[in-house]
Amino acid sequence: GENVEQHPSTLSVQEGDSAVIKCTYSDSASNYFPWYKQELGKRPQLIIDIRSNVGEKKDQRIAVTLNKTAKHFSLHITETQPEDSAVYFCAANSNFGNEKLTFGTGTRLTIIP
Amino acid sequence: KAGVTQTPRYLIKTRGQQVTLSCSPISGHRSVSWYQQTPGQGLQFLFEYFSETQRNKGNFPGRFSGRQFSNSRSEMNVSTLELGDSALYLCASLKAGQSSRYTGELFFGEGSRLTVL
């Protein structure tokens with residue numbers, strides 16, 4: 001089945017700096033790659049997603065890039081703010097007979113004021 | 001529109017007992033998925049139900065089971081609880097079609113935190 005690896009597991013950045021989280025996936029048929037943000041004690045919520053027909057997508061301070069050849073995608077957060085502190089999960093769908101999302105193990109991002 | 005509702009929010013059980021968790025999806029959403037969240041393991045897929053049928057299943061033992069009712073509400077059951085089953089169990093609903101790959105937003109509930117002693 002699909003395997004999604006996410007790095008780093010923890011990341012600390014100074015407020016105002018940029019943060020980058022990277023994920024790799026194994027299923028070349030995957031065509032949907034969402035990112036979820038989970039604040040402490042709260043439910044995961046979708047923050048951005050990308051489909052395989054585009055290489056980059058931006059939404060204000062957040063961007064996601066996708067390299068289908070290398071089978072990796074990344075989340076970029078610019079001008080980080082304290083409210084960006086959370087756990088971020090990447091995910092990929094799969095076509096190995098299972099229609100489900102496989103999530104990475106998460107990155108705990110801490111913004112240092 | 002009401003969000004995804006999970007009950008109970010917290011529960012404590014002892015080894016060998018069984019537990020049933022409930023999930024009410026967003027109105028109109030026919031797909032319900034269940035995930036187990038543990039520190040360091042992320043979100044691990046348990047199973048997905050659509051129109052009262054289990055459509056997908058993750059790599060969990062048979063002690064983990066679920067079902068979906070005609071109103072799309074779903075329950076999951078864990079029998080013969082083990083210490084390692086302590087986790088946050090999240091359900092998520094999706095406005096999926098009859099045969100759609102996951103290309104839409106999953107809406108998660110707040111989870112049921114299970115502690116096994």
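It should be noted that the structure appears before, not after, this text.
This write-up is about the structure you can find in this document. (Residues numbered from 1 in each chain as written. Chains lettered and ligands numbered in written order. Predicted model: local features only at pLDDT ≥ 70, side-chain atom pairs only at ≥ 80, totals over all residues. Heavy atoms only, no water.)

In this description, a pair of aromatic rings is defined by centroid distance and the angle of the planes. Residue and element names in this part refer to chain B. Under the defined criterion, the tally for this structure stands at 13 aromatic pairs over all chains. Seen from their ring centres, Y35 and F45 are 5.6 Å apart, and the 70 degrees between their planes marks the pair as edge-to-face. Of this pair, Y35 sits in strand β4 (residues 31–38) while F45 sits in strand β5 (residues 42–50); the two residues are 10 residues apart in sequence, bridging distant segments of the chain. For Y35, a relative accessible area of 0% corresponds to the buried category. (Phe/Tyr/Trp six-rings, centres within 6.5 Å; stacked < 30°, edge-to-face > 60°. Helix = DSSP H or I, 4+ residues; strand = E, 2+ residues; numbered from the N terminus. Buried < 20%, exposed > 50% of the residue type's maximum accessible area, 1.4 Å probe, protein only.)

With that settled, consider the interface of chain A and chain B. Between chain A and chain B, the contact holds 22 residues from the first and 25 residues from the second. Between chain A and chain B the total buried area reaches about 2,000 Å² when both faces are included, carbon and sulfur atoms providing 50% of it. Where chain A meets chain B, there are 1 salt bridge. E110(B) is paired through a salt bridge with R43(A); the nearest N and O atoms lie 3.7 Å apart. At the junction of chain A with chain B, the criterion picks out 4 residue pairs in polar contact (both at pLDDT 80 or more). For the side of chain A that touches chain B, the elements supplying multiple residues, two or more each, are β4 (32–38), β5 (45–51), β9 (86–93) and β10 (101–103) of chain A. The greatest single-element share of the side of chain A that touches chain B, amounting to 3 residues, is contributed by β4(A). Each residue belonging to the side of chain A that touches chain B can be placed in one class, and the counts come to 8 nonpolar, 10 polar and 4 charged. (Contact = heavy atoms within 4.5 Å. Buried area = accessible area lost by both parts, 1.4 Å probe. Salt bridge = Lys/Arg side-chain N within 4 Å of Asp/Glu carboxyl O. Polar contact = N/O pair within 3.5 Å; in protein donor to acceptor, adjacent residues only side chain to side chain. Nonpolar A, V, L, I, M, F, W, Y, C, P; charged D, E, K, R; others polar.)

Ranked by internal contacts, the top residues of the largest apolar core, which has 23 residues, are W35(A), F73(A), L75(A) and L109(A). Elements represented by at least two residues in this core include exactly β2 (10–14), β3 (19–25), β4, β5, β7 (62–67), β8 (72–77), β9 and β11 (107–112) of chain A. Excluding residues within four positions of it along the chain, L109(A) makes contact with L11(A), V13(A), A19(A), I77(A), D84(A), S85(A), A86(A) and Y88(A). If you look at the next biggest cluster of nonpolar residues, it comprises 21 residues, including V32(B), F47(B), F60(B) and V78(B). (Core = buried A, V, L, I, M, F, W, Y, C linked by side-chain atoms within 4.5 Å.)

Tallying each qualifying case throughout the model produces 12 salt bridges over all chains. Here E48(B) ties to R55(B) by a salt bridge, and the two come within 2.7 Å at their closest N and O atoms. Residue classification places E48(B) among the buried residues on the basis of a relative accessible area of 0%. Residues joined by salt bridges that share partners form a network here, namely K37(A), E39(A) and K42(A).

This next bit is on the sheet that holds β3(A). Residues and elements named next belong to chain A. Across the sheet, 5 strands lie side by side as β1-β3-β8-β7-β6; this open sheet has antiparallel pairing. In this open sheet, the two edge strands, each paired with only one partner strand, are β1 (4–7) and β6 (56–59). For this sheet, the mean angle separating the axes of adjacent strands, direction not counted, is 15 degrees. With 6 bridges joining them, β3 and β8 adopt antiparallel strand pairing. Bridging from a neighbouring strand, T24 pairs with H72 of β8. (Pairing = 2+ DSSP bridges. Axes fitted to C-alpha atoms, helices over the stretch in contact; angles between N-to-C directions.)

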